[in-house]
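Here's the letter readout for the chains.
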Amino acid sequence: MHEKDRVGYTINHHTLSAARDTPDENRALILRGKFIRAALNRLAVTPFALLVIFLDLITQIVILWIYSFDIDQNRNNNSGSPNGFNLSLSSRALLYLSFGWVIFREGTQIYSSSFWAYVSDPSNIIDIIQICLVSFTIATLHASFQQDTLLYLLICCIGISWARLIFIFSNIIYSVKVFVSALVSITRKLVPFLFVTAIIIMAFAHMYYAAGPPSGIKCPYGSEPALNDDKYVEGGWTCELSDSYFKSFTMLFNGEFAFFDKVSGVSSTLSIIFACVIGIILLNILIAVVNDSFVKVEGNSENAFWLGRLRFVNELTDIKKFLESLFPCWNQSKSEQKKNELDRLKMIASNSASLQGKPSRHKFSCWDDRNADEWKHSQNCYELLDWYDGGDSDKPAFYIRLFAFFQVAQWSEILPPSEGFRKVIAGVQRRENIDSRILGISAWGFSLLVFVTVCALTPIIFFLGLASCGVLWPAELKEAVFFGPLEPKQVQVQKNDITDMEAKLLKMEKSLTEFKTAMESFKTTTESSVTDQKEILALLRAVTVSLESHSKH
């Protein structure tokens, strides 16, 4: 199906809904297909999808800014205020609007997902926690709370807002999603390890407390003065169970084990055992578990990205239906819906170029012999490729070559300017060289001018795209940011292995050819040597016969 429809245009909402509701194993197989991945990529960069994505991102940045900068600054300036957080009217309005959007988006996710699918996604758990914390924050704006409560609330809000920003980026960028999903999976696998490790550390904390401080240090009781810092570091922390807990857990993370500077009786023995168990056994087990788990969960992380993209596309349909119910003027009439469906079916029946998507870009400096017929729908691009490869097409005009090159060439050919780019500018085919020195210098100068112009325009285009919620971004930038790979990672690895094997075979074939040539040369040399030796032997025999005949006479 992907060969006939490379952009997934023929897929409809009912198919995507059915794929979302399919059991996990079957859905994983479906999401490995190029056809549905191409459709999800295309639907994720429609103007409405980009608007929702950027609203998610902007509202979260607003919430993060308020918690990390605005509230914190006001708290410092009004530390004596008994009413808690103090926000300006503009900050309150932004917080209310952002909070309303977050609740709306969470509602659409709950509506379009099953209960288990919703609660099993860690990003939704973060969303619910943030909604609760923002609700509590809004309550503090209208009531009085203890300063410690506000401090803990602010710390939690800052941490959760940054964590949710990571999850939002993971829903947009494929590589971030793979890493975050792998991190979540590894964390789940480490729960038993962390549980056992915590029990072991608590056991050592109680043993340190029971052993007490080394000789020379007395624990303060009653009205006795507290231990100074030196005495506390030397072992006074074992006087209090809470300090023993804290020190035992800090030794796990910083690796600075106590009572190693000198013999301190039973405390030194406990530290040696603690170092062996924690510093050698458990930490090496942790490294092995993380390495093994990351390799295993990487494939599942790829599936998690496509599952999230599938749910997002279905959420977009539900949001459209909700908006159409609120604003009937946006709703299409049945005749318009029927007309659009007929147009779609006509395009499918005609198998038009729109279903094939944009052909792959070419690499001009290292020609890969791709079929130029892919670009036949664009006459200028086809003529450029056919002429550059030495075909029957005439050399296009300069401005046609330039604009067609920007459409068909890979970006690595443009930034920085490549040899192929200079040849196109100079009007030279790929098998020829730029013989004219003036023409070569002109091609260099013009290609550098294009390079500087593109570099100058890139930030402007980027910020214009941000201002337009990504609508004004070029298709290549949208693909680089929002698209996921059509090929599953295992297939890509297999293809890379096949490519490596082919390269090795070619290298071996080349070596065998060289060896065969060397052997043939050696054979020729040997045969020549044998011929020379035979000639020498024949000459010697002739000389011998001549001498014998002389001796007889």
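Quantities reported herein were computed from a predicted structural model and do not represent experimental measurements. (Residues numbered from 1 in each chain as written. Predicted model: local features only at pLDDT ≥ 70, side-chain atom pairs only at ≥ 80, totals over all residues. Heavy atoms only, no water.)

Peer 1: Let's hear about the state of the cysteines: which residues, and what values?
Peer 2: Evaluated as defined, the whole model comprises 1 disulfide. The residue that forms a disulfide with cysteine 219 is cysteine 239, at a sulfur-sulfur distance of 2.0 Å. Looking down the S-S bond of the cysteine 219 and cysteine 239 bridge, the torsion is -80°, so its handedness is left-handed. Of the two residues, cysteine 219 is situated in the loop between helix H9 (174-211) and helix H10 (229-234) and cysteine 239 in the loop between H10 and helix H11 (241-254); the sequence distance between them amounts to 20 residues. (Disulfide = S-S within 2.5 Å. Helix = DSSP H or I, 4+ residues; strand = E, 2+ residues; numbered from the N terminus.)

Peer 1: With reference to specific residues and values, describe the pattern of salt bridges.
Peer 2: Counted by the stated rule, this structure contains 8 salt bridges. Between aspartate 21 and arginine 20 there is a salt bridge, with its nearest N and O atoms 3.2 Å apart. In this structure arginine 20 comes out as buried when scored by relative accessible area, which is 16%. By sharing partners, the salt bridges in this structure join Asp56, Arg105 and Glu315 into a single network. (Salt bridge = Lys/Arg side-chain N within 4 Å of Asp/Glu carboxyl O. Buried < 20%, exposed > 50% of the residue type's maximum accessible area, 1.4 Å probe, protein only.)

Peer 1: Any chance you could break down the packing of aromatic side chains for me, citing the residues and the numbers?
Peer 2: Under the definition given, this model contains 19 aromatic pairs. Between the aromatic rings of phenylalanine 462 and phenylalanine 463, the centroid separation amounts to 5.6 Å while the plane-to-plane angle is 80°, which identifies the pairing as edge-to-face. Classification of phenylalanine 462 by relative accessible area gives partly exposed; the value is 34%. Ring centres of phenylalanine 462 and tryptophan 473 lie 5.5 Å apart, and the angle between their planes is 20°; this geometry places the pair in the stacked category. With a gap of 11 residues between them, phenylalanine 462 in helix H18 (residues 437-467) and tryptophan 473 in the loop between H18 and helix H19 (475-482) connect regions that are remote in the sequence. Counting every residue linked through ring pairs, the aromatic cluster contains Phe204, Tyr208, Trp237, Phe257, Phe259 and Phe274. (Phe/Tyr/Trp six-rings, centres within 6.5 Å; stacked < 30°, edge-to-face > 60°.)

Peer 1: Report on the environment of threonine 140, specifying residues and quantitative values.
Peer 2: Within the secondary structure, threonine 140 sits in helix H7 (residues 122-140). Sequence separation between threonine 140 and phenylalanine 85 is 55 residues; the distance between their C-alpha atoms is 6.4 Å.

Peer 1: Please give an account of unusual backbone geometry that cites residues and values.
Peer 2: For cysteine 469, which is not a glycine, the phi torsion comes out positive at approximately 60°. Mapped onto the secondary structure, cysteine 469 falls in the loop between H18 and H19. Residue classification places cysteine 469 among the buried positions, given a relative accessible area of 15%.

Peer 1: Tell me about the confidence of the model for the chain, residues and numbers included.
Peer 2: In the predicted model, the chain carries a mean pLDDT of 79, and 82% of its residues have values of at least 70. Confidence, read as mean pLDDT per element, is least for helix H13 (residues 334-350) in the chain (55) and greatest for H7 (92). Note that pLDDT drops below 50 for residues 349-356; the model gives that stretch 18 contacts with residues more than four away or on any other chain. (pLDDT = per-residue confidence, 0-100. Contact = heavy atoms within 4.5 Å.)

Peer 1: Before we move on, can you summarise empty space enclosed by the protein with the specific residues and values?
Peer 2: Taken as a whole, this structure holds 2 cavities of 30 Å³ or more when the rule is applied. Roughly 450 Å³ of internal volume is contained in the largest cavity. Counting only elements with at least two residues in the lining of the largest cavity, the list comes to helix H4 (47-77), helix H5 (89-112), helix H6 (115-119), H7, helix H8 (147-172) and helix H12 (266-326). It is H12 that contributes the most residues to the lining of the largest cavity, 7 residues altogether. (1 Å grid on protein atoms, 1.4 Å probe; cavity = no way out; pocket = protein on both sides within 12 Å on 5 of 7 lines; lining within 4 Å. Points joined across faces, edges and corners; volume = space filled by probe spheres on them.)

Peer 1: Could you give me a rundown of the nonpolar core, with the residues and numbers involved?
Peer 2: Ile66, Tyr67, Ile71, Phe85, Leu87, Leu95 and Val134 are the most contacted members of the largest nonpolar core, which totals 24 residues. Of all elements in the fold, only H4, H5, H7, H8 and H9 reach the threshold of two or more residues within this core. In terms of residue count, the dominant contributor to this core is H8 (6 residues). Core analysis: the next-biggest nonpolar cluster, separate from the first, contains 21 residues, Phe364, Leu384, Phe421 and Val424 among them. (Core = buried A, V, L, I, M, F, W, Y, C linked by side-chain atoms within 4.5 Å.)

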